[in-house]
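Observations on chain architecture
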Amino acid sequence: MRARDDAALAALLHARPDLLNPVPADITQLATRAGTRASVVRALDRLDRFALQTAEALAVAPDPCPYAVLEELLTGSGGEDARDAAARDALPRALGTLRDQALVWGDDDRLRLVRTARELLAPSAQRPSPTGLGPTVAEATSGMSPTRVQEIVAAAGLPATHDPVSAVAALTGLFTDPERMSALLDQAPAEAHQVLGRLVWGPPYGEVTPDPAPPVRWLRDRGLLLPASARTVVLPREVALHLRGGLAHRATAPVAPPVDAHREHRPQLVDANAAGQALAALSTVEELVKSWEHTGPLVLRAGGLAVRDLKRTAASLDTTEQAAAFWIELAYAAGLLASDGEADERYAPTPAFDDWCERPPAERWSALARAWLAATRTAGMVGEQDAKGRTLAALGPELDRSPAPEVRRRVLELLAVLPEGGSPDPDALLERLAWERPERGTGDLRARLAHWTLHDAEVLGVTGRGALSAFGRALLEGRDPAAPLAPLLPEPVDHVLLQADLTAVAPGPLRRPLGDVLAVLADVESKGGATVYRFTPGSVRRALDSGQTASDLHAFLAEHSRTPVPQPLAYLIDDVARRHGHLRVGAASSYVRCDDDAMLGEILADKRSAGLGLRRLAPTVLAAQAEPGALLDGLRAMGYAPAAESRTGDVLVARAAAYRTPERSAPVPVPDGPPVPDATLLGAAVRAVRAGDLAATAVRKEPAGPSAAPAAGELPRTSAAETLATVQAAALTGSAVWIGYVNAEGAASQRVIAPVRVEGGFVTGYDHTADEVRTYALHRITGVAELAEDQV
């Protein structure tokens with residue numbers, strides 16, 4: 001570590017930001033922290049496939065390992081048939097990566113893998129190695145009796161030795177000698193070669209019976225198979241490497257798989273297709289959030305959305321449950337949906353939704369896309385089960401996956417390097433991602449995240465026909481995607497086309513006042529480039545319940561239709577309006593009144609009214625046991641159009657006010673480890689580490705008096721008089737001294753300072769460790785020592 005320059009140290013801290021929290025006091029502390037298990041695991045998880053294969057080869061190689069031996073493990077020893085060209089060319093890069101990451105140290109003739117990394121990657125019975133290799137002969141025979149070891153040596157044709165250590169060394173020498181090993185295997189039965197063939201590429205362990213077959217017995221007697229337990233044998237590493245031709249891996253991947261354009265489209269077509277998807281995404285999110293603004297779904301006790309509410313939402317959006325979960329999570333990530341925090345907790349739109357609706361469409365899409373790119377919540381996990389067998393719910397607390405933002409961004413980066421309009425083969429893209437960050441015992445999470453990214457980017461409009469759109473490229477590069485998207489979106493229209501079949505066609509997105517009123521007056525029948533609305537008695541009654549009158553509806557349609565109002569639609573509005581409010585429902589428990597006593601008699605005679613508990617109080621009044629709301633619903637189900645009235649007899653407007661949660665912020669993504677430090681922080685950290693190391697490694701003069709020299713890492717100890725005399729002398733001569741200092745918080749540190757002035761109980765001087773002039777209280781200096789002559 002100390003041999004690295006500042007740029008190399010900064011590169012290490014940038015690649016492994018966990019080493020910066022907190023900033024190491026010196027190089028020793030940095031090196032110790034870099035060798036901890038958690039940090040090494042994180043570093044290994046971020047290696048590409050060939051760099052990881054290089055580390056795995058070092059884990060099964062002798063320690064230390066010469067470069068030539070490592071090269072042979074990765075390229076083979078089969079001469080012309082060895083896989084040498086690509087692997088030999090890529091090995092310096094892979095080894096350089098491991099050095100930069102502080103996972104490998106030593107010169108090329110003595111390469112050493114960090115001990116923690118070796119423990120993690122070396123094969124064992126409990127943790128098989130990706131190489132498929134087993135233990136060495138020495139490891140496999142560590143618990144074997146000396147007599148048994150000598151029997152194996154004799155059966156292998158080797159002379160007897162005086163101790164087990166030399167016997168194991170002789171056996172190892174036999175297995176690593178290609179000529180003698182080939183001669184031994186030539187004597188093996190044909191069935192024995194078949195047994196070795198099943199174990200050679202791993203796993204190296206096999207079960208045997210108490211009385212094994214003759215081929216297995218032949219191999220076991222000569223140490224080609226060694227006992228691992230009472231009923232298990234293992235193929236020694238040296239034997240496997242000989243059978244493999246010296247290869248540590250069955251197949252190496254020295255070069256990243258290419259990602260080429262599988263199909264090419266015109267960029268204009270890609271952008272148009274993506275813009276259409278973006279417009280549909282805005283419509284879907286707005287429809288979703290508005291559907292929850294009156295009576296949003298309840299929050300489960302464990303958090304999240306109930307399955308029945310997810311199904312209901314999917315039905316209202318006319319999509320699948322998985323797609324509905326994506327839109328719900330997207331709206332939540334953008335801060336448009338949240339829980340209200342009440343005792344009877346429900347999900348509802350946030351105040352930010354109203355602001356979002358007022359923004360131009362391109363800016364609304366930009367907000368959604370930015371939230372999607374940075375979110376750690378993964379809707380693709382909805383419906384799956386966690387480790388305890390519990391089903392993961394939409395909006396639940398267990399959907400955060402820290403690698404999601406990194407995978408999304410990397411997928412878009414791979415799309416961005418293709419020619420404009422080029423879309424890759426998804427399998428090739430997934431293969432490339434698997435090479436860049438191979439899974440190490442974590443399942444296929446990254447592959448699934450990449451697959452979901454490709455799908456989500458398409459439905460959101462970041463891509464079109466599998467290719468990155470112009471505004472998707474702007475999103476990836478950190479530019480405002482609204483600028484390239486806005487010209488591709490159609491302008492909102494202020495009119496519809498009424499048709500004689502009681503439908504209205506909106507030839508584009510509607511302006512907000514028109515769209516809001518029409519959503520109450522009619523039901524959406526189909527969506528797409530043009531939206532079709534259908535007028536029904538129920539939808540017209542809904543508009544009348546909201547406070548509109550028949551004349552208001554006629555005027556509205558005449559004003560916003562480019563075609564004349566069809567006669568059937570006018571008749572429908574007048575017919576519903578004529579019956580609307582003819583019956584009046586009020587609170588007694590509840591009652592029904594009507595000027596037409598024959599209609600009331602008709603209601604009483606209808607068997608469907610039995611559950612309402614109706615009875616006649618007067619020729620024009622019926623009393624009911626049901627609540628007013630239930631009475632209204634019951635009469636409407638019977639085909640009537642009643643209206644609620646107040647205590648004074650006025651018609652009540654039934655439309656509920658849109659509900660909003662209190663102010664809520666969007667969920668914060670769960671980081672995948674510490675953030676990557678910027679250049680300023682890296683520079684300051686390197687200076688602090690160098691300064692601390694200078695203080696820790698400065699060579700001090702041996703004390704002339706009886707004071708004992710401090711042990712390594714300990715603060716110097718001198719009396720107050722000695723401390724004052726030494727710093728005064730250093731101030732006069734301009735020399736530097738080494739001090740131990742305890743600050744007001746009790747934190748101890750070592751400093752190298754050049755005193756300039758000593759007065760008033762303080763010493764002022766240039767602090768080499770902090771690279772600035774500082775003042776220290778003399779009573780907080782634990783001790784002082786002069787630096788050796790070559791350190792001054």
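Use the structure listed above.
Now for a look at the structure at hand. (Residues numbered from 1 in each chain as written. Predicted model: local features only at pLDDT ≥ 70, side-chain atom pairs only at ≥ 80, totals over all residues. Heavy atoms only, no water.)

Thoughts on the side chain of His 249
Selection criterion: For helices the rule is a DSSP run of H or I covering at least 4 residues; for strands it is a run of E covering at least 2, with both sets numbered from the N terminus onward. Throughout this description, a polar contact denotes any pair of N or O atoms lying within 3.5 Å of each other; where both atoms belong to protein, one of them has to be capable of donating a hydrogen while the other can accept it, and for residues adjacent in sequence the pair is counted only when both atoms sit in side chains.
Considering the arrangement of structural elements, one finds His 249 in the loop between α14 (237-244) and β6 (261-264). A polar contact is formed between the side chain of His 249 and the side chain of Glu 56, at a distance of 2.8 Å.

Topic: the packing of helix α9 (residues 146-155) against helix α10 (residues 164-175)
Definition in use: Think of each axis as a best-fit line through the C-alpha atoms, taken over the contacting stretch in the case of a helix, with angles from 0 to 180 degrees between the N-to-C directions. When an angle is under 35 degrees it counts as roughly parallel; over 145 it counts as roughly antiparallel; between 65 and 115 it counts as roughly perpendicular; any other value is oblique. Throughout, a crossing is termed right-handed when the near helix is turned clockwise from the far one, and left-handed when it is turned anticlockwise from it by less than a right angle. Any two residues having at least one pair of non-hydrogen atoms within 4.5 Å are treated as being in contact.
In contact at an axis separation of 10 Å, α9 and α10 are set at 30° when each is read in the N-to-C sense. The orientation of α9 with respect to α10, classified from their angle, is roughly parallel. Our pair here, α9 against α10, has a crossing hand that is left-handed. Contacts from Pro 146, Val 149, Gln 150, Ile 152 and Val 153 in α9 reach Pro 164, Ala 167, Val 168 and Leu 171 in α10.

Looking at the sheet that holds strand β21 (residues 737-742)
Quick note on the threshold: Strand pairing requires that DSSP identify at least two bridges connecting the strands.
Taken in spatial order, the five strands make up an open sheet running β24-β23-β22-β21-β25, and their pairing is antiparallel. With one partner strand each, in any of the chains shown, β24 (772-777) and β25 (781-786) form the two edges of the open sheet. For this sheet, the mean angle separating the axes of adjacent strands, direction not counted, is 45°. Looking at chain direction, strand β22 (residues 748-759) and strand β23 (residues 762-767) are connected through six bridges and run antiparallel. Its bridge partner lying in β23, Glu 759 is registered against Phe 762. Most of the contacts of helix α32 (residues 720-733) go to β22, to which it runs at about 65°, and overall it touches β21, β22, β23 and β25.

Considerations on the packing of aromatic side chains
Counted only if it meets this: Between the rings of Phe, Tyr and Trp (Trp by its six-membered ring), a pair exists once the centres lie within 6.5 Å; its type follows the angle of the planes, with under 30 degrees stacked, over 60 edge-to-face, and the other angles tilted. Categorising residues by exposure relies on relative accessible area from a 1.4 Å probe, with only protein chains included: less than 20% of the type maximum marks a residue as buried, more than 50% marks it as exposed, and the intermediate range marks it as partly exposed. Put simply, a charge is over a ring when the Lys NZ or the Arg CZ is close to the ring centre, within 6 Å, and near the line of the ring normal, within 35 degrees.
According to the stated counting rule, one finds five aromatic pairs in the structure shown. Between Phe 326 and Trp 327, the aromatic rings sit 5.0 Å apart at their centres with planes inclined by 65°, giving edge-to-face as the arrangement. By relative accessible area, Phe 326 is classed as buried at 9%. Judged by relative accessible area, Trp 327 falls into the buried class, the value being 9%. The side chain of Arg 364 reaches across the aromatic face of Trp 356, ending 5.3 Å from its centre.

Notes on the environment of Arg 244
Structurally, Arg 244 is set in helix α14. Excluding residues within four positions of it along the chain, Arg 244 makes contact with Thr 131, Gly 132, Leu 133, Val 200, Trp 201, Gly 202 and His 249.

A closer look at the sheet that holds strand β14 (residues 523-526)
The strand order β12-β13-β15-β14 describes an open sheet built from four strands, whose pairing is antiparallel. Lying at the two open borders of the sheet, with one neighbouring strand each, are β12 (497-499) and β14. Taken pair by pair, the neighbouring strands of this sheet meet at an average axis angle of 30°, ignoring direction. Direction of pairing for β12 relative to strand β13 (residues 503-506): antiparallel, over a ladder of three bridges. Considered in β13, the bridge of Leu 497 is made with Val 505.

Some points on the nonpolar core
Convention followed: Note on terminology: a nonpolar core comprises buried Ala, Val, Leu, Ile, Met, Phe, Trp, Tyr and Cys residues joined through side-chain atoms within 4.5 Å.
Of all hydrophobic cores here, the largest spans 69 residues; its most connected members are Leu 70, Phe 175 and Leu 224. Per-element tally for this core: the top contributor is helix α4 (residues 49-60), with eight residues. Setting aside chain neighbours within four positions, we find Leu 224 in contact with Phe 175, Met 181, Leu 184, Leu 185, Leu 196, Trp 218, Leu 219, Val 234, Leu 235, Pro 236 and Val 239. Of all hydrophobic cores here, the second largest spans 61 residues; its members include Leu 330, Met 381, Leu 414 and Leu 429.

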